[in-house]
Amino acid sequence: QVQLVESGGGLVQPGGSLRLSCAASGRIFGIYAMGWYRQAPGKQRELVARITSGGSTNYVDYVKGRFTISRNNAKNTAYLQMNSLKPEDPAVYYCNLNGILMGDYWGQGTQVTVSS
């Protein structure tokens, strides 16, 4: 049993910044990756950024150079620093935890809105 709670979403103007946090709790152990996905209305949920247990990261092309994913294993928390937000970025952002032994878990999502 793993619980993920996201925070940090909200309304921001184009070019602004937000930092999303994902706090995990429960039975957390072993090797696991954490990531951020987003889902816009009428669209498929898609990967934004991912970080492995060893610290390797990957990003979709449209966020490279703007977003940074990180993790603090002592706090069981992942972060997504989002800079230079664009009108095409608004969506519900979901935290994901995937472990070899634990399986796959999702947070409830946090809304990010980019508007003037």
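Criteria and thresholds
Every chain's residues receive numbers from 1 upward, in the order its sequence appears when written. Only residues with pLDDT of at least 70 are given local features in this predicted model, and only at 80 or more are side-chain atom pairs given and counted; all residues enter the totals for whole chains, interfaces and linings. For side-chain calculations, the full set of non-hydrogen atoms in the structure is used, while hydrogens and water are omitted. Think of a patch as exposed residues, more than 30% relative accessible area, with no salt bridge, where like charges cluster within 9 Å and nonpolar side chains (Val, Leu, Ile, Met, Phe, Trp, Tyr) cluster within 5 Å. Accessible surface area values rest on a Shrake-Rupley calculation with a 1.4 Å probe, where residue burial reflects the displayed protein chains alone. Salt bridges are defined as contacts in which a side-chain nitrogen from Lys or Arg sits within 4 Å of a carboxyl oxygen from Asp or Glu. Numbering of helices and strands starts at the N terminus; helices are DSSP runs of H or I of at least 4 residues and strands are runs of E of at least 2. Working definition: a ring pair exists when centres of Phe, Tyr or Trp rings (six-membered ring for Trp) sit within 6.5 Å. Plane angles under 30 degrees give stacked, over 60 give edge-to-face, the rest tilted. Residue exposure (1.4 Å probe, protein chains only): buried if accessible area is under 20% of the type maximum, exposed if over 50%, otherwise partly exposed. The criterion is that NZ of a Lys, or CZ of an Arg, lies within 6 Å of the ring centre and within 35 degrees of the ring normal, and then a charge sits over that ring. Any two cysteine sulfur atoms lying within 2.5 Å of each other are counted as a disulfide.

K.L.:
Residue-level account of a nonpolar patch on the surface, with values.
P.N.:
Together, F29, I31, I100 and L101 make up an exposed nonpolar region whose accessible area comes to about 470 Å². Counting through the fold element by element, I100 comes out in the loop between β9 (91-99) and β10 (103-106).

K.L.:
Now, about the packing of aromatic side chains: what can you tell me, with residues and values included?
P.N.:
Counted by the stated rule, this structure contains one aromatic pair. Ring centres 4.9 Å apart and planes at 70 degrees place the aromatic pair Y37 and W106 in the edge-to-face group. Here W106 lies in strand β10 and Y37 lies in strand β4 (residues 32-39), a separation of 69 residues in the sequence. Residue class for W106 comes out partly exposed when judged on its relative accessible area of 34%. Over the ring of W106 we find R45; its NZ or CZ atom is 4.7 Å from the centre of that ring. One cation-aromatic arrangement involves R71 over Y32; the distance from NZ or CZ to the ring centre is 4.4 Å.

K.L.:
Please provide a residue-by-residue account of the state of the cysteines, values included.
P.N.:
Tallied over the full model, the rule gives one disulfide. For C22, the disulfide goes to C95, at an S-S distance of 2.0 Å. Measuring handedness by torsion sign, the sulfur bridge of C22 and C95 sits at about -85 degrees and is left-handed. Of this pair, C22 sits in strand β3 (residues 18-26) while C95 sits in strand β9; the two residues are 73 residues apart in sequence, bridging distant segments of the chain. The burial state of C22 is the same as that of C95; both residues are buried.

Scope: geometric values only; no functional claims are made or implied.
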